[in-house]
Amino acid sequence: MSIHLVKLCVGIESVDHLKQSIQSRFKQEKLKSANAQLFHTTRMIPKKGPELINDGSLYWVIKGHIQARQKILDIQPFQDNEGIKRCNIIVDKKLVLTQWHPRSAFQGWRYLYGEDAPQDMSDNILEANLPIQMRKDLMELRLI
């Protein structure tokens, strides 16, 4: 059984906005190092790290719905300049759209078990390019 993480995408308005943010952050990291990695820093270190690295993803909640995910490549605990233990969750640059799944607000991250994870969005271009409100309405009607 796969284990994943779910995280709120604070300050992000849409999947396109998230894609732009990912590209921008990766460019910044590339300026610092030729071996740039894309990561999300969190205070809590997942105790199930090895299971997450094996086959897990970081699922992003945007505007109350899980809408996308990134594969987790590594978990790197560290101590910051103030002596606080933190963790970099290293993720793949590729953002995979998922079927929308409602999710209430929470702090930090949560585990998400394989059977509860939303499926990846089909490669149907029409479905992927629908306006957000239309996609939301069609999902509520269970038409996509």
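As the structure is a computational prediction, the values presented were derived from the model and not from experiment. (Residues numbered from 1 in each chain as written. Predicted model: local features only at pLDDT ≥ 70, side-chain atom pairs only at ≥ 80, totals over all residues. Heavy atoms only, no water.)

A. View of the pairing of strand β3 (residues 57–62). Counted residue by residue, β3 has 6 buried out of 6 residues, so it is predominantly covered. As paired strands, β3 and strand β4 (residues 65–79) are joined by 6 bridges and run antiparallel to one another. Bridging from a neighbouring strand, Val 61 pairs with Ile 66 of β4. Once β3 ends, the chain turns through 2 residues before running back antiparallel as β4, passing Lys 63 with a positive phi of about 50°. (Buried < 20%, exposed > 50% of the residue type's maximum accessible area, 1.4 Å probe, protein only. Helix = DSSP H or I, 4+ residues; strand = E, 2+ residues; numbered from the N terminus. Pairing = 2+ DSSP bridges.)

B. Here's a closer look at the pairing of strand β1 (residues 3–8). β1 sits mainly inside the fold: 5 of its 6 residues count as buried. Taken together, the 4 bridges between β1 and β3 define a ladder with parallel strand orientation. Across the sheet, the residue bridging to Val 6 is Tyr 59, located in β3.

C. Looking closely at the side chain of His 65. Tracing the sequence through the fold places His 65 in strand β4. Judged by relative accessible area, which is 15%, His 65 ranks as buried. In contact with His 65, not counting residues within four places along its chain, are Trp 60, Trp 100, His 101, Pro 102, Arg 103 and Lys 136. (Contact = heavy atoms within 4.5 Å.)

D. Summary view of the packing of aromatic side chains. Applying the stated rule across the entire model yields 1 aromatic pair. Taking the centre distance of 5.1 Å and the plane angle of 75° together, the rings of Trp 109 and Tyr 111 count as edge-to-face. With relative accessibility at 13%, the residue Trp 109 sits in the buried group. Residue Tyr 111 is classed as partly exposed on the basis of its relative accessible area, which comes to 23%. Seen from the ring of Tyr 111, Lys 48 lies directly overhead, with NZ or CZ sitting 5.0 Å from the centre. (Phe/Tyr/Trp six-rings, centres within 6.5 Å; stacked < 30°, edge-to-face > 60°. Lys NZ or Arg CZ within 6 Å of the ring centre and 35° of its normal.)

E. Spotlight on the state of the cysteines. With the rule as written, the count across this model stands at 0 disulfides. In this model Cys 9 remains outside any disulfide bridge; the closest cysteine sulfur is found in Cys 87, 17 Å from its own. (Disulfide = S-S within 2.5 Å.)

F. Spatial organisation of unusual backbone geometry. Not every positive phi belongs to a glycine, and Lys 63 is a case in point at roughly 50°. Here Lys 63 is to be found in the loop between β3 and β4.

G. Expanded view of the pattern of salt bridges. According to the stated counting rule, one finds 4 salt bridges in the structure shown. The salt bridge partner of Arg 69 is Asp 120, with a shortest N-O separation of 2.8 Å. Note that Arg 69 is positioned in strand β4 and Asp 120 in the loop between β7 (109–113) and α3 (125–128), a separation of 51 residues in sequence. Overall, the relative accessible area of 35% leaves Asp 120 in the partly exposed class. Residue Arg 86 pairs with Asp 80 through a salt bridge whose shortest N-O separation is 2.8 Å. Here Asp 80 falls in the buried class, since its relative accessible area comes to 18%. (Salt bridge = Lys/Arg side-chain N within 4 Å of Asp/Glu carboxyl O.)

H. View of helix α1 (residues 15–32). Under the 1.5 Å per step criterion, the end-to-end length of α1 is 26 Å for 18 residues, consistent within 8% with the ideal 26 Å. Tucked into the core, α1 has its buried residues touching β2 (38–42), β3, β4 and β6 (96–102). (Expected span 1.5 Å × (residues − 1).)

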